[in-house]
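Notes for the structure review
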Amino acid sequence: MSDALPLYLGVVIGLSLLILVVVFRSILVPVIATLGFVLSYFAALGGVVAIYQWGWLSGVFGVHHPGPILNFLPTILVGILFGLAMDYMLFLGSGMREAYAHGAPARLAVAQGFRAGRSVVTAAAIIMISVFGGFIFAEDAMIRSIGFALAFGVLVDAFVVRMFVIPALMHLLGDAAWWLPRWLDRILPNVDVEGSALERRHPHVDPSVAAADRTQEVRSA
């Protein structure tokens with residue numbers, strides 16, 4: 001398990017970078033997002049080791065006999081926590097990218113995207129923390145450690161990494177956060193998740209103007 005974990009983590013992080021570069025068309029945003037996941041992952045592992053292996057707060061969590069953690073817990077944690085972390089990043093980052101692609105200044109786009117996605121991320125994180133937290137006081141010690149690792153990992157990732165650290169870093173970076181080399185921009189597929197290409201093909205028409213045009217057409221007929 002120890003030999004396989006670095007390769008597994010490398011594949012997950014590599015695919016994450018590739019997908020986020022295509023979606024956000026940026027270099028720094030995917031790097032920040034992926035490093036944030038690594039931070040959440042290590043925080044979750046550290047919390048599990050501190051409580052279930054070293055015995056910190058053992059009375060609170062009902063750990064009567066601290067000992068080694070499960071050997072497959074780090075592998076399980078990578079897959080589940082990675083999926084949730086990328087969901088939260090897409091909820092927030094897609095709003096920021098959409099605002100920036102539609103002409104908002106970089107720092108204002110961060111604020112607009114954060115306001116648009118924070119309620120969704122908050123609700124989703126609370127739900128998952130509640131679900132995983134329900135296993136913390138199970139009878140089986142193995143289930144307890146898994147539930148705590150997932151609940152604590154989601155807590156750190158959603159409320160510390162995604163909603164605090166990453167928006168702060170993107171605000172500091174400004175326009176540099178959305179920089180993409182021209183040669184990479186040419187070879188990457190343009191998935192256009194923010195709909196800017198559609199907006200360019202069909203520019204916005206004032207509804208009052210459109211209604212007046214339709215009225216004029218009826219009168220002419």
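Moving on, we get to the side chain of Arg25. With respect to the helices and strands, the residue Arg25 is situated in the loop between α1 (4–24) and α2 (28–53). Arg25 has contacts with Leu20, Arg97, Trp178, Leu180, Asp185, Leu188, Pro189 and Asn190, leaving out every residue within four places of it along the chain.

For the rest of this paragraph, the subject is the confidence of the model for the chain. Residues with a pLDDT of 70 or more make up 86% of the chain, whose mean pLDDT is 83. Within the chain, the element-level pLDDT minimum falls on helix α9 (residues 207–220), averaging 46, and the maximum on helix α5 (residues 106–133), averaging 93. Every residue in residues 205–219 scores below 50 in pLDDT, and together they form one contact with partners more than four places removed in sequence or on other chains.

Our focus in this paragraph is the packing of aromatic side chains. Applying the stated criterion across every chain yields a total of seven aromatic pairs. Consider the rings of Trp54 and Trp56, whose centres lie 5.5 Å apart with planes at 55°: the pair is tilted. Accessibility expressed as a relative area gives 54% for Trp54, which makes it exposed. Residue classification places Trp56 among the exposed positions, given a relative accessible area of 52%. Each member of the aromatic cluster is reached from another via a ring pair, and the members are Phe37, Tyr41, Phe42 and Phe82.

In an α-helix, one full turn covers 3.6 residues, which means residues spaced three or four apart are oriented alike. The largest bend in helix α6 (residues 141–173) amounts to roughly 45° and is located at Val161. Its side-chain oxygen at 2.9 Å from the backbone nitrogen of Met142, Asp140 defines the N-terminal cap of α6. One or two positions beyond α6, positive phi appears at Gly174, with a value near 65°.

Running from amino to carboxyl end, α2 crosses helix α4 (residues 73–101) at an angle of 140°, the nearest separation of the two axes being 10 Å. By the angle between their axes, α2 is oblique relative to α4. Considering how the two elements wind past one another, α2 and α4 form a crossing that is right-handed. In contact with Val29, Ala33, Phe37, Ser40, Tyr41, Ala44, Leu45 and Val48 of α2, α4 contributes Leu73, Pro74, Leu77, Val78, Leu81, Phe82, Ala85, Met86 and Met89. Partitioned by chemical class, the residues of the contact of α2 with α4 number 16 nonpolar, one polar and no charged.

Once that is clear, we can look at the nonpolar core. In this structure, Phe37, Tyr52 and Leu77 are the most contacted members of the largest nonpolar core, which totals 51 residues. Of all the elements in the fold, those that place two or more residues in this core are α1, α2, α4, α5 and α6. If sequence neighbours within four positions are ignored, Leu77 has contacts with Tyr41, Ala44, Leu45, Phe82, Ala149 and Leu150. Judged by nonpolar contacts, the second largest core, of five residues, contains Val22, Leu180, Leu184 and Leu188.

How each quantity is defined
- Residues numbered from 1 in each chain as written.
- Predicted model: local features only at pLDDT ≥ 70, side-chain atom pairs only at ≥ 80, totals over all residues.
- Heavy atoms only, no water.
- Helix = DSSP H or I, 4+ residues; strand = E, 2+ residues; numbered from the N terminus.
- Contact = heavy atoms within 4.5 Å.
- pLDDT = per-residue confidence, 0-100.
- Phe/Tyr/Trp six-rings, centres within 6.5 Å; stacked < 30°, edge-to-face > 60°.
- Buried < 20%, exposed > 50% of the residue type's maximum accessible area, 1.4 Å probe, protein only.
- Bend = angle between axes of the 7 residues up to and from the residue.
- Polar contact = N/O pair within 3.5 Å; in protein donor to acceptor, adjacent residues only side chain to side chain.
- Axes fitted to C-alpha atoms, helices over the stretch in contact; angles between N-to-C directions.
- Parallel < 35°, antiparallel > 145°, perpendicular 65-115°, else oblique.
- Left-handed = near helix turned anticlockwise from the far one by under 90°.
- Nonpolar A, V, L, I, M, F, W, Y, C, P; charged D, E, K, R; others polar.
- Core = buried A, V, L, I, M, F, W, Y, C linked by side-chain atoms within 4.5 Å.

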